[in-house]
Amino acid sequence: MIARSPLSLLLLASLAALAGCAHEAPDASYPQAASAGWVVPANYTWPPVAVPAAPGQVSTRAPSAAKPATSFTPGKGEPMPAASPFAKMGDVPRPRTRNELRSVLPGSADCLAQLSLRAVPYHSLDHELGVKTPIVVDGPIAGIRYYTGANGPLIADCRLVLALDLVGPALTAIGVSDVRFSGAYVYRLSNKGRVSLHAYGLAIDMHGFTRLGVHYEVDRDFRKGLGTALSADAPAINTIATRFHNSGLFHEYLTPDDNADHHDHVHVGVSPLPDEVQ
């Protein structure tokens, strides 16, 4: 029998009809491979078998009953934050040059050193298919709990977690405490048949946000058509999502405004470094 590499499996699988990343079940971190267009190598399991149970793991309880959507209004005298200098307004935000990208979100050992310096709780994994520097997050990132329900911890490349830590203060400043996500690292193709940033551990799909004790869901509370230049009376969840855009840290930023595949989540992804793509 001829052994096939994971890349050849992906190329063969790309001939099938694929759906976008929006079709994950709202309360699951990894849908069944037969649905939603997910493409998984034969030797891949979820959660990855390399992940040990972390002591003192953060609770993965489900969100409390949602309350009606409300608008975000800054406190008296509180200015709306300006966009990051790394953001290219009117375009997909990203650092302007590869050197800037590397200096803001370094890879490999330099990234791990930054996480340790910033007191992000994590432990490293020996290997995850497609991921240059795989880690498991063991607690809140910049004071924010990222959870999926009962389907395991946040597994990602170090650089995505560093980006989430860097954007964290802009989120906690408006009261964000919890983020419900459905997928970060998943070895799969995009709906265009290309290797997804999820396969590199560099993207995350976020479905719900808790702010000041109120939980908001993208599919219910996000108001389409407002863009990223928001007024003070914009819905809270739009304001939260825009903080990711304005950080300038994410190469990919997709919301219900972009297409039907993202009707129920906000997708953000970090651009891979040239020498970190396997």
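Above this text you will find the structure in question.
Everything numeric in this text was worked out from a predicted model, so none of it was measured. (Residues numbered from 1 in each chain as written. Predicted model: local features only at pLDDT ≥ 70, side-chain atom pairs only at ≥ 80, totals over all residues. Heavy atoms only, no water.)

Enquirer: Would you mind showing me how to read the sheet that holds strand 1 (residues 122-124) here?
Expert: Read across the open sheet, the three strands follow the order 1-2-4; overall the sheet is antiparallel. Edge positions in the open sheet fall to strand 1 and strand 4 (155-157), since each of these has one partner strand only. Strand-to-strand twist of the sheet, defined as the mean angle between neighbouring strand axes without regard to direction, takes the value 35 degrees. Direction of pairing for strand 2 (residues 134-137) relative to strand 4: antiparallel, over a ladder of three bridges. Paired with Pro 134 across the strands is Asp 157, a residue of strand 4. Where helix 3 (residues 108-117) meets the sheet, it contacts strand 1 and strand 2, and its direction lies at approximately 155 degrees from that of strand 1. Packing of helix 4 (residues 158-172) onto the sheet brings it into contact with strand 2 and strand 4, and relative to strand 4 it is tilted by some 95 degrees. (Pairing = 2+ DSSP bridges. Helix = DSSP H or I, 4+ residues; strand = E, 2+ residues; numbered from the N terminus. Axes fitted to C-alpha atoms, helices over the stretch in contact; angles between N-to-C directions. Contact = heavy atoms within 4.5 Å.)

Enquirer: How do you make sense of the state of the cysteines when you look at a structure like this?
Expert: What we call a disulfide is simply a covalent bond connecting the sulfur atoms of a pair of cysteines. One pass over the full model with this rule turns up one disulfide. Disulfide partner of Cys 111: Cys 158, at an S-S distance of 2.0 Å. On the S-S bond that ties Cys 111 to Cys 158, the torsion sits near -100 degrees, and the link is left-handed. Of this pair, Cys 111 sits in helix 3 while Cys 158 sits in helix 4, and the two are 47 residues apart along the sequence. When its relative accessible area of 0% is taken as the criterion, Cys 111 is described as buried. (Disulfide = S-S within 2.5 Å. Buried < 20%, exposed > 50% of the residue type's maximum accessible area, 1.4 Å probe, protein only.)

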